[in-house]
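Topology and contacts: notes
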Amino acid sequence: MLAVTTVFLPLLTAALVGLLSRSFSDRVASVVTCSGLGLSALCSWLLFFQIVPAGEGFVLPLMTWASSGALAFDWALRIDTLSVVMLTTVTTISFLVHVYSVGYMAKDRSVPRFMAYLSLFTFFMLMLVTADNLIQLFFGWEGVGLSSYLLIGFWFERPSANAAAVKAFLVNRVGDLFFLMGIFCIFWHFGSVQFATIFEVAPSIAHHTVHFLWTDWNVMTLACVLLFLGAMGKSAQIGLHTWLPDAMEGPTPVSALIHAATMVTAGVFLVARMSPLFTLSDTAMTMVTVVGAATAFFAATVACTQTDIKRVIAYSTCSQLGYMFFALGVGAFGAGIFHLMTHAFFKALLFLGAGSVIHAMSDEQDMRKMGGIWKLIPLTYAMMWIGSLALMGIWPFAGYFSKDTIIEAAYAASGWHSDVAFYAAIVVATLTAFYSTRLIALTFHGAPRADERVMDHVHESPRVMTLPLVLLAVGAVLAGVLGYNSFVGDGRFAFWAGSIVGTPGDVTDLAHHVPLLVKLAPLVCSLFGVLAGVVFYVWKPCLPGRVAGAFPLAYRFLLNKWYFDEVYNAVFIRPAFAIGRLFWKTGDRAVIDGLGPDGLSRITSGAASVFSRIQNGLVSRYAFVMIFGLTGVVTWLLMTAFR
Amino acid sequence: MSAFPLLSIITFLPLVGVLGILLVRGDQEHLSRNVRNVALLTTTFTFLLSLALWFGFDPAHQGFQFEERVQWLPAYNIGYHMGVDGISVLFVLLSTLLSVICIVASWNTVKERAKEYMIAFLVLETMMVGMFCALDFVLFYIFFEGVLIPMFLIIGVWGGPRRVYAAFKFFLFTLAGSLLMLLALLAMYLSAGTMDIPTLMTHHFPAAMQTWLWLALFASFAVKVPMWPLHTWLPDAHVEAPTAGSVILAGVLLKMGAYGFLRFSLPMLPLASADFAPLVFGLSVVAVIYASLVALAQEDMKKLIAYSSVAHMGFVTAGIFSGTIQGIEGALVQSLSHGIVSGALFLGVGVVYDRLHTREIARYGGLSTTMPRYALVFMVFLLGSVGLPGTSGFVGEFLIMSGVFRVNTWVALLLGTGIILGAAYMLYLYWRVFMGKAVREDARLMPDLSAREIGMFVPLVAIVLWMGVAPDSFLDFMRVSVHDLVTNYQAALAAR
């Protein structure tokens with residue numbers, strides 16, 4: 001009952017408010033959705049304390065969905081430690097975002113619609129994490145894609161918002177296609193799409209070989225690689241990340257929700273959920289690690305040059321997701337989910353804090369037009385510091401515990417891919433500290449660069465916005481300390497209770513016994529990054545320009561985000577339209593119609609004008625000739641074939 | 001044998017309505033009102049009667065149900081034989097449902113020759129239902145061809161400016177296929193000595209003969225589906241046809257091809273079907289990708305949806321010839337889903353066309369502000385069209401792709417690009433029509449959906465979601481028939 005309430009209450013409030021949006025005042029709509037989410041969060045916590053101490057979960061069947069031959073899947077809720085961790089994280093963050101939105105969206109024309117979308121978004125994510133089979137997971141998966149499309153394009157009169165919304169949906173769909181292929185592969189070779197059956201069958205067929213496209217694959221490798229390609233889309237890993245930075249076209253609370261809890265974490269969750277399969281394929285694990293490390297590095301470099309406050313945080317999300325993935329890739333599944341959880345708190349905090357800044361600056365997002373406002377909005381300033389420190393992984397903030405475990409696990413794991421990940425992680429830690437410091441320095445310090453009219457209006461946000469910030473800050477400080485023992489420490493076996501793979505003596509255990517130098521390295525690097533940031537943006541503000549001037553190519557490369565969008569536009573988008581027009585005008589009109597009916601028509605009319613001067617009845621003649629000819633040909637064929 | 005000739009009554013009831021319409025007298029005003037009422041009453045009653053099939057159909061029964069058999073031409077072994085199985089029964093319901101909706105959709109829009117228009121529609125309904133119920137090849141052929149005539153008139157008389165070109169193109173493409181089917185019919189009669197479809201399904205045609213028969217039937221069905229490159233009549237026909245014509249065209253007529261493959265090609269000509277499966281796969285993949293890309297470039301709403309039909313039907317043909325349970329059940333679900341969804345999308349275009357009298361996408365924009373109900377309804381059908389899980393479109397495409405994956409992973413992957421491109425052209429359409437700002441004043445002043453229009457859309461929305469969330473209630477009908485079909489198909493291949 002708790003589980004059902006947790007998952008379906010947001011759907012109920014979304015439907016209620018969404019369908020009757022015009023009969024609800026903004027206030028009623030806000031109260032209904034916020035209390036719905038609040039209740040859902042409460043239920044998820046109750047569920048957490050019911051499931052986790054007991055050490056075992058359950059599956060709650062709801063109703064049949066579809067079955068076709070051997071392929072059968074039903075609606076059900078799978079409640080175990082992994083899903084309740086996700087449930088509590090998602091509902092808590094989402095609840096705070098809901099409350100914050102009441103203040104942030106107060107002046108918008110369609111508050112009920114916005115609140116309904118937020119709740120709908122949460123519902124799909126909850127369906128995703130409680131799925132007991134791959135199809136239901138895919139339902140939630142596509143559902144969050146849809147909701148993100150609706151929310152990113154919420155201000156639908158702006159062309160850029162529409163473009164970003166469509167882009168988010170389509171880039172995600174590319175990943176989804178591979179996810180689907182992964183599901184088919186698992187269905188045909190494992191014989192089921194139910195998690196329980198899949199995990200049971202997996203060890204016995206781990207060495208099977210299957211044919212896919214041009215070659216033979218190990219079945220585990222194929223299934224995991226395909227699923228991971230899907231995860232790359234949803235979790236914005238390098239190559240399929242391009243939608244995420246654009247997603248900030250949506251209102252800021254949406255960015256907080258997308259980046260913290262309800263969408264990008266889905267890929268990480270998928271890999272963790274399928275950990276019994278992934279551990280059986282070294283190739284897939286290597287791929288996860290390398291892609292994660294590459295994304296972490298790529299996104300961090302880009303974040304250092306962006307000037308839009310939300311875009312910096314967006315790339316930072318991308319980068320942190322990279323951390324989560326290579327944690328999974330080296331086998332530290334608990335650490336990956338741990339970072340997912342702590343990151344949800346501090347990233348939501350950073351985004352909502354940024355929203356508070358934007359609110360204060362009269363909707364300005366460009367950091368070049370900010371500065372000198374820390375005394376005017378001290379609470380927001382403090383919140384941004386807490387969020388940033390947690391992001392950098394400074395003790396005792398939440399990020400320290402999760403991120404350090406990941407880095408240590410990468411060191412402790414064996415194999416070239418984990419070495420790559422370890423060194424990338426160290427570099428990225430430095431970059432993270434650098435761009436975080438840069439963000440704070442540019443936004444809050446230095447001389448005010450906004451015009452006077454804006455500066456006069458700088459004000460602290462209303463309490464309905466600051467209260468969620470404070471609560472998130474509490475999470476960003478405490479989530480690490482409180483979770484450490486259960487997620488990755490000695491208590492982890494009792495805590496996870498088999499919902500993710502973990503064995504005594506595995507990489508998570510080894511991570512606790514790495515040399516002191518390795519333990520200190522991230523912290524030292526972070527401090528170095530902070531120092532560099534301070535030098536560049538506080539002490540010597542002329543330096544960034546000079547560095548950029550000295551390396552113009554590198555600077556433009558980073559500023560233009562490694563040119564992914566430009567390449568995709570040139571390779572996929574523009575050709576798609578061009579080919580479409582070509583097929584239409586040339587293929588359909590000139591070739592098929594030209595040689596087919598229209599051509600016949602011309603020939604007929606030509607012949608007609610030769611044989612007779614009478615020009616009427618052309619079409620019937622052309623029909624006659626065509627039919628006569630076809631009939632003759634087939635008659636001849638049939639006769640000769642059977643005589 | 002059913003004592004009560006339910007199928008015949010459902011089939012011919014619309015003709016009784018035609019008689020009723022012919023009896024209507026009065027001045028122009030009264031005439032068209034009464035004619036509409038008679039037509040609505042007839043189609044509604046037919047639909048209600050067809051619901052008896054939904055409740056009375058025994059999903060566990062093997063073979064045909066509600067059978068009726070009357071001697072017709074005993075000397076030639078040709079009879080009046082009607083019956084439905086799990087493959088055809090839902091198509092009958094689809095036809096009767098969409099017929100009601102089409103009458104409602106034409107309520108205020110058809111002013112010229114309303115009497116003849118309604119007669120054409122009722123005759124069309126008889127032909128469609130009869131086609132899905134016929135169990136004698138000659139009978140089937142009569143209905144199959146009979147569909148052409150009213151449809152030809154609906155496009156040619158009540159269509160747009162280029163209606164004559166479109167009507168003839170439609171007629172010629174389909175007639176060319178039909179004649180080949182007639183030849184196949186004769187050849188099959190000569191070989192098997194009967195026209196009874198259940199008997200033909202158990203008759204073993206020689207392998208060489210199967211090849212030619214298959215090709216002849218293929219020409220006919222492929223035009224109807226339509227498969228690439230025989231699809232070019234469809235966009236023209238859709239663009240010129242009145243809204244209700246497009247609905248029936250997309251909703252039911254395209255399914256006749258898919259139904260033909262399942263009723264004739266696969267069960268009667270299994271060897272040839274297996275041999276030509278790669279050809280069908282190839283054409284299906286080309287249809288999906290080609291039509292999707294062309295849809296992306298369209299500037300006319302109806303053309304865009306017409307091309308999307310070609311793409312969606314590409315999934316259906318691939319699913320059928322995968323010869324797997326999932327592929328075929330998926331093809332059936334996809335056919336039903338596409339019937340509802342694309343029918344509804346054409347109705348949706350009709351809504352704004354009635355208000356602004358243009359189908360040009362660029363003339364619209366920002367409709368979500370001024371027509372929020374319409375935007376919501378259209379969004380639901382858009383989601384059905386792009387196959388979002390939870391809608392009917394997902395179930396069909398998912399099952400098809402999983403069936404095809406079993407047979408050929410390349411085909412599955414390439415079909416899958418259709419789900420990306422499908423989302424692209426549909427969202428791009430939605431963007432241009434519903435998002436942004438209204439380009440012109442008159443587009444901004446359009447009123448939201450009327451009560452009649454809402455009444456028309458609500459059942460369709462309900463079916464799209466119902467079929468997406470609980471598709472088992474539809475799949476249950478098909479299970480036994482599809483299982484038998486696949487078993488016989490595989491057995492025939494194994495015996496080779």
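Residues numbered from 1 in each chain as written. Chains lettered and ligands numbered in written order. Predicted model: local features only at pLDDT ≥ 70, side-chain atom pairs only at ≥ 80, totals over all residues. Heavy atoms only, no water.

Under an unreviewed UniProt entry, the name given to chain B is NADH-quinone oxidoreductase subunit M, and the source organism is Phaeovibrio sulfidiphilus. Quoted verbatim from the Sequence similarities (unreviewed entry) field of the UniProt record, the comment on chain B reads "Belongs to the complex I subunit 4 family." (UniProt positions renumbered as here; feature names shortened; annotations may be inferred.)

Going by the annotation in an unreviewed UniProt entry, the name recorded for chain A is NADH-ubiquinone oxidoreductase chain 5, with Phaeovibrio sulfidiphilus given as the source organism. A UniProt comment under Catalytic activity (unreviewed entry) is attached to chain A, and it reads "a ubiquinone + NADH + 5 H(+)(in) = a ubiquinol + NAD(+) + 4 H(+)(out)".

Description of the overall build of chain B
Each helix and strand in chain B was counted, giving 21 helices and two strands. Relative to the globule expectation of 23 Å for 496 residues, the C-alpha radius of gyration of chain B, 22 Å, shows essentially globular dimensions. With the principal axes as the frame, chain B shows a C-alpha extent of 70 × 55 × 40 Å. Classification of the 496 residues of chain B by burial places 69% in the buried group. Of the roughly 15,200 Å² that chain B leaves accessible, carbon and sulfur atoms contribute 67%. (Helix = DSSP H or I, 4+ residues; strand = E, 2+ residues; numbered from the N terminus. Rg over C-alpha atoms; globule rule 2.2 N^0.38 Å. Buried < 20%, exposed > 50% of the residue type's maximum accessible area, 1.4 Å probe, protein only. Areas by Shrake-Rupley, 256 points an atom, 1.4 Å probe, with all protein chains shown as cover.)

Overview of the overall build of chain A
A count of helical and extended segments in chain A gives 28 helices and four strands. Against the 2.2 N^0.38 benchmark of 26 Å for 643 residues, chain A shows a C-alpha radius of gyration of 28 Å, consistent with a compact globule. Out of the 643 residues belonging to chain A, those deemed buried represent 60%. Sequence-distant contacts in chain A: of pairs separated by 6 or more residues, those separated by 24 or more amount to 77%. When the accessible surface of chain A is split by element, carbon and sulfur atoms take 69% of a total near 23,700 Å². (Contact = heavy atoms within 4.5 Å.)

Quick look at the packing of helix α12 (residues 270–296) of chain B against helix α21 (residues 472–495) of chain B
All names here are of chain B. For the pair α12 and α21, the least separation of the axes is 9 Å and the interaxial angle reads 85 degrees. Judged on the interaxial angle alone, α21 and α12 are roughly perpendicular. Counting all contacts with α12, which are made through Pro270, Leu271, Ser273 and Ala274, the residues of α21 involved are Tyr489, Ala492 and Leu493. The residue makeup of the contact of α12 with α21, split by class, is six nonpolar, one polar and no charged. (Axes fitted to C-alpha atoms, helices over the stretch in contact; angles between N-to-C directions. Parallel < 35°, antiparallel > 145°, perpendicular 65-115°, else oblique. Nonpolar A, V, L, I, M, F, W, Y, C, P; charged D, E, K, R; others polar.)

Considering the nonpolar core
Among the nonpolar cores identified, the biggest contains 442 residues, and A:Tyr149 and A:Met274 are the most heavily contacted of them. In this view, A:Tyr149 contacts A:Ala165, A:Val166, A:Phe169, B:Met379, B:Leu427, B:Tyr430 and B:Met435; residues no more than four positions away in its chain are not counted. Core analysis: the second largest hydrophobic core is formed by five residues, A:Ala623, A:Ile627, B:Leu172 and B:Ala176 among them. (Core = buried A, V, L, I, M, F, W, Y, C linked by side-chain atoms within 4.5 Å.)

Some words on the pairing of strand β4 (residues 215–218) of chain A
Residues and elements named next belong to chain A. Where strand β3 (residues 209–212) and β4 come together, four bridges link them in antiparallel fashion. Considered in β4, the bridge of Phe212 is made with Thr215. Between β3 and β4, which follow one another and run antiparallel, lie two residues, and Leu213 among them has a positive phi close to 55 degrees. (Pairing = 2+ DSSP bridges.)

As for the side chain of A:Thr437
Residue and element names in this part refer to chain A. Structurally, the position occupied by Thr437 is in helix α18 (residues 416–444). Judged by its relative accessible area of 5%, Thr437 falls in the buried class. Within the structure, Thr437 has its side chain in polar contact with the backbone oxygen of Ala433 (distance 2.5 Å). Those residues in contact with Thr437, other than ones at most four positions away along the chain, are Met392, Gly529, Val530, Gly533 and Val534. (Polar contact = N/O pair within 3.5 Å; in protein donor to acceptor, adjacent residues only side chain to side chain.)

Focus on the interface of chain A and chain B
Note on interface size: it is often stated as the accessible area lost on association of the parts. Listed by partner, the interface residues are 70 residues for chain A and 74 residues for chain B. Overall, the association of chain A and chain B removes approximately 6,500 Å² of surface from exposure, summing both partners, and the carbon and sulfur fraction of that is 76%. Across the contact surface, chain A and chain B share zero salt bridges. If you look at where chain A meets chain B, you find twelve residue pairs in polar contact (both at pLDDT 80 or more). Only β1 (58–68), β2 (71–79), α5 (134–152), α6 (159–190), β3, α26 (564–595), α27 (597–611) and α28 (618–642) of chain A provide two or more residues apiece to the side of chain A that touches chain B. (Buried area = accessible area lost by both parts, 1.4 Å probe. Salt bridge = Lys/Arg side-chain N within 4 Å of Asp/Glu carboxyl O.)

Quick look at unusual backbone geometry
Omega for the bond connecting A:Trp395 with A:Pro396 falls within 30 degrees of zero, at 5 degrees, which places this linkage in the cis form. With respect to the helices and strands, the residue A:Pro396 is situated in the loop between α16 (378–392) and α17 (398–412). Each neighbour pair has its own omega, and for B:Val225 with B:Pro226 the value is -15 degrees, a cis peptide bond. Within the secondary structure, B:Pro226 is located in the loop between α9 (207–224) and α10 (233–240). You will see that A:Leu213, though not glycine, has its phi angle at about 55 degrees, which is positive. With a relative accessible area of 10%, A:Leu213 lands in the buried category. Backbone geometry places A:Ser362, a non-glycine residue, at a positive phi of 55 degrees. Here A:Ser362 shows up in the loop between α15 (333–360) and α16.

Brief notes about the UniProt feature "domain: NADH-Ubiquinone oxidoreductase (complex I) chain 5 N-terminal" (unreviewed entry) in chain A
UniProt annotation of "domain: NADH-Ubiquinone oxidoreductase (complex I) chain 5 N-terminal" (unreviewed entry) refers to residues 65–115 of chain A when read in the numbering used here. Counting secondary structure, residues 65–115 of chain A comes out at 57% helix and 25% strand; the distance between its end C-alpha atoms is 29 Å.

Examining the confidence of the model for chain B
Residue-level pLDDT values for chain B average 88, and 99% of them are 70 or greater. In the model output, the complex is listed with pTM 0.90 alongside ipTM 0.91. (pLDDT = per-residue confidence, 0-100.)

A short note on the UniProt feature "domain: NADH:quinone oxidoreductase/Mrp antiporter transmembrane" (unreviewed entry) in chain B
Taking the numbering used here, the UniProt-annotated feature "domain: NADH:quinone oxidoreductase/Mrp antiporter transmembrane" (unreviewed entry) corresponds to residues 134–417 of chain B. Annotated as 82% helix and 0% strand, the span residues 134–417 of chain B places its first and last C-alpha atoms 37 Å apart.

Describing a nonpolar patch on the surface
Residues and elements named next belong to chain A. A cluster of nonpolar side chains, contributed by Leu379, Val470, Val474, Leu478, Val481 and Leu482, occupies part of the molecular surface with about 480 Å² of accessible area. When residues of the nonpolar patch are assigned to their parent elements, the largest contribution, five residues, is made by helix α20 (residues 463–487). If you trace the backbone, Leu379 turns up in helix α16. Residue classification places Leu379 among the partly exposed residues on the basis of a relative accessible area of 31%. (Patch = residues over 30% accessible without salt bridge, like charges linked within 9 Å, V, L, I, M, F, W, Y side chains within 5 Å.)

Brief notes about the packing of aromatic side chains
Under the defined criterion, the tally for this structure stands at 84 aromatic pairs over all chains. Centre to centre, the rings of A:Tyr381 and A:Phe444 are 4.9 Å apart; their planes meet at 65 degrees, and the pair counts as edge-to-face. With A:Tyr381 in helix α16 and A:Phe444 in helix α18, the pair connects residues that are 63 residues apart, well separated along the chain. Where B:Phe144 meets B:Phe221, the ring centres are 6.0 Å apart and the plane angle is 85 degrees; that geometry is what we call edge-to-face. (Phe/Tyr/Trp six-rings, centres within 6.5 Å; stacked < 30°, edge-to-face > 60°.)

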